[in-house]
Amino acid sequence: MQNETGNNIGGSDDTGTLEAEVRSAVEQGHDVQEMVRQLTLRRISARSLDIESLRQIASAVLRGARAGAQKELQQSAAQTDITRTRLKQAVAGLDAALAQLAEASKLALEEAAARAQTFSSEDLARARNDLESLEAMFLETLQTSASGAKDATGEILSDLARHARLYGSAVRAQLKETLAVITHQLGTAGRTQVVAGLHLAQATSDLLRQIAAGVLTGLADHVKPGHPKGNGD
């Protein structure tokens, strides 16, 4: 799902900044989940939405979270409970941001449908392929980060990955809804107006920027882990 503006902010410098910001958020320990969610959304909305770009962002978030937690552990072995809590919050923030990406895609589809417009079949199929890989990417990246740590942070991340596989994640729940809408719209291809220059990735990025800026706060609250669906804001 490529962002049609070409806003693929380059590579290591971008992810390096994100990693440092997440590390700082975890070290400070104030509202870690929300900080990580916002930081992740800002990066996602500024880059292309293909699965490899999203993997780079998720990896940077988890590297930063792990580094911040490791500093806490080095200060005192008794800090394991605090470390676990902060890592759990950081992972939940990443999960929420990815869920909001899926939610923004769904909202973009619904807004186009309300105008009796649609995206091309190729655009929809490309988005579906990337979104279908989103949860697997999240879980694989989480497990890879866990495997790369030889201290308590690795055990904690591995536990979080196991829990997400068994009991689901925010992104899994949201993907079911979004993919159902994409499948429905693919089935109606040819019966609604395909608008030239209308791209799902760009529409999704536009909505994500609004979420990151706090403009769409209801949507942001709607897909936070632990919030019941349809609970308004």
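For the structure itself, consult the block above.
Residues numbered from 1 in each chain as written. Predicted model: local features only at pLDDT ≥ 70, side-chain atom pairs only at ≥ 80, totals over all residues. Heavy atoms only, no water.

Draft legend 1. Just the layout of surface pockets, in detail. Empty space within the largest pocket amounts to approximately 300 Å³. Looking at the largest pocket, it is lined by 14 residues, and the ones nearest its centre are Lys88, Val91, Ala92, Leu160 and His163. If you list the elements that add at least two residues to the lining of the largest pocket, you get α4 (80–114), α6 (134–147) and α7 (152–167). Here the lining of the largest pocket takes five residues from α4, the largest share from any one element. By residue class, the composition of the lining of the largest pocket is seven nonpolar, three polar and four charged. (1 Å grid on protein atoms, 1.4 Å probe; cavity = no way out; pocket = protein on both sides within 12 Å on 5 of 7 lines; lining within 4 Å. Points joined across faces, edges and corners; volume = space filled by probe spheres on them. Helix = DSSP H or I, 4+ residues; strand = E, 2+ residues; numbered from the N terminus. Nonpolar A, V, L, I, M, F, W, Y, C, P; charged D, E, K, R; others polar.)

Draft legend 2. Representation of the pattern of salt bridges within the structure. Summed over all chains, the structure comprises 16 salt bridges. The salt bridge partner of Arg43 is Glu21, with a shortest N-O separation of 3.4 Å. On the criterion of sequence distance, the pair formed by Arg43 in helix α2 (residues 32–46) and Glu21 in helix α1 (residues 11–28) is long-range, its members being 22 residues apart. Judged by relative accessible area, which is 13%, Arg43 ranks as buried. A salt bridge links Glu27 to Arg23; its shortest N-O distance comes to 2.8 Å. Of the two residues, Glu27 and Arg23 both sit in helix α1, four residues apart, roughly one turn of that helix. Residue classification places Glu27 among the partly exposed positions, given a relative accessible area of 26%. The class for Arg23 is partly exposed, based on a relative accessible area of 36%. (Salt bridge = Lys/Arg side-chain N within 4 Å of Asp/Glu carboxyl O. Buried < 20%, exposed > 50% of the residue type's maximum accessible area, 1.4 Å probe, protein only.)

Draft legend 3. Molecular detail of unusual backbone geometry. A positive phi angle, close to 50 degrees, is found at Asp31, a residue other than glycine. Positionally, Asp31 belongs in the loop between α1 and α2. Residue Asp31 is classed as exposed on the basis of its relative accessible area, which comes to 55%.

Draft legend 4. Region of interest: α7. With 16 residues, α7 should reach 22 Å at 1.5 Å per residue; the first-to-last C-alpha distance of 22 Å fits that figure. Residues Thr153, Gly154, Ile156, Leu157, Ser158, Leu160, Ala161 and Ala164 constitute the buried set of α7. (Expected span 1.5 Å × (residues − 1).)

Draft legend 5. Main features of the packing of α4 against helix α8 (residues 170–187). Interhelical geometry of α4 versus α8 gives an angle of 20 degrees and a closest axis separation of 8 Å. One way to sum up the angle between α4 and α8 is to call them roughly parallel. Crossing of α4 over α8 shows left-handed handedness. Of the residues in α8, those in contact with Asp95, Leu98, Ala99, Ala102, Glu103, Ser105, Lys106, Leu109, Glu110 and Ala113 of α4 are Ala170, Val171, Gln174, Leu175, Glu177, Thr178, Val181, Ile182 and Gln185. Tallied by class, the residues present in the contact of α4 with α8 amount to 10 nonpolar, four polar and five charged. (Axes fitted to C-alpha atoms, helices over the stretch in contact; angles between N-to-C directions. Parallel < 35°, antiparallel > 145°, perpendicular 65-115°, else oblique. Left-handed = near helix turned anticlockwise from the far one by under 90°. Contact = heavy atoms within 4.5 Å.)

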